[in-house]
Amino acid sequence: MSDNHDYLRTTENRSFRLSADVLALMIKGAGYAAIACLVVWFLIAAIQGLGKLLPEESRETEDPTPVSFHQIETGIVRV
């Protein structure tokens, strides 16, 4: 078995090796970013799915914090 692990065959051209290593690291980072985005997307989809399982009456209820709404309204009237 050979001990040569130069899969890109870049022993004679060091600048190409640097470019190949940087490209590999950028692709690895893009993969991590894609995984992070997909995890966030799946979490949002799961929350939306749970929301759709709720009965229709719960979606049509009033705001549970009407006091804060009135405070904002009075603040606008004062100006």
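Here the structure is a predicted model, which means the values were calculated and not measured. (Residues numbered from 1 in each chain as written. Predicted model: local features only at pLDDT ≥ 70, side-chain atom pairs only at ≥ 80, totals over all residues. Heavy atoms only, no water.)

A. Layout of the packing of aromatic side chains. Under the counting rule described, the total for this entry stands at 1 aromatic pair. With centroids separated by 5.1 Å and ring planes inclined at 70°, the aromatic side chains of Trp-41 and Phe-42 adopt a geometry described as edge-to-face. A residue is classified by how much of its surface remains accessible, and Phe-42, at 51% relative accessible area, is exposed. (Phe/Tyr/Trp six-rings, centres within 6.5 Å; stacked < 30°, edge-to-face > 60°. Buried < 20%, exposed > 50% of the residue type's maximum accessible area, 1.4 Å probe, protein only.)

B. Quick peek at the confidence of the model for the protein. Looking at the protein, pLDDT values average 79 and 63% of them are 70 or higher. Within the protein, the element-level pLDDT minimum falls on helix 3 (residues 66-78), averaging 56, and the maximum on helix 1 (residues 14-53), averaging 91. (pLDDT = per-residue confidence, 0-100. Helix = DSSP H or I, 4+ residues; strand = E, 2+ residues; numbered from the N terminus.)

C. Geometry of a nonpolar patch on the surface. A cluster of nonpolar residues, Leu-18, Val-22, Leu-23, Met-26 and Ile-27, forms a patch on the protein surface that exposes about 500 Å² of accessible area. With relative accessibility at 57%, the residue Leu-18 sits in the exposed group. (Patch = residues over 30% accessible without salt bridge, like charges linked within 9 Å, V, L, I, M, F, W, Y side chains within 5 Å. Areas by Shrake-Rupley, 256 points an atom, 1.4 Å probe, with all protein chains shown as cover. Salt bridge = Lys/Arg side-chain N within 4 Å of Asp/Glu carboxyl O.)

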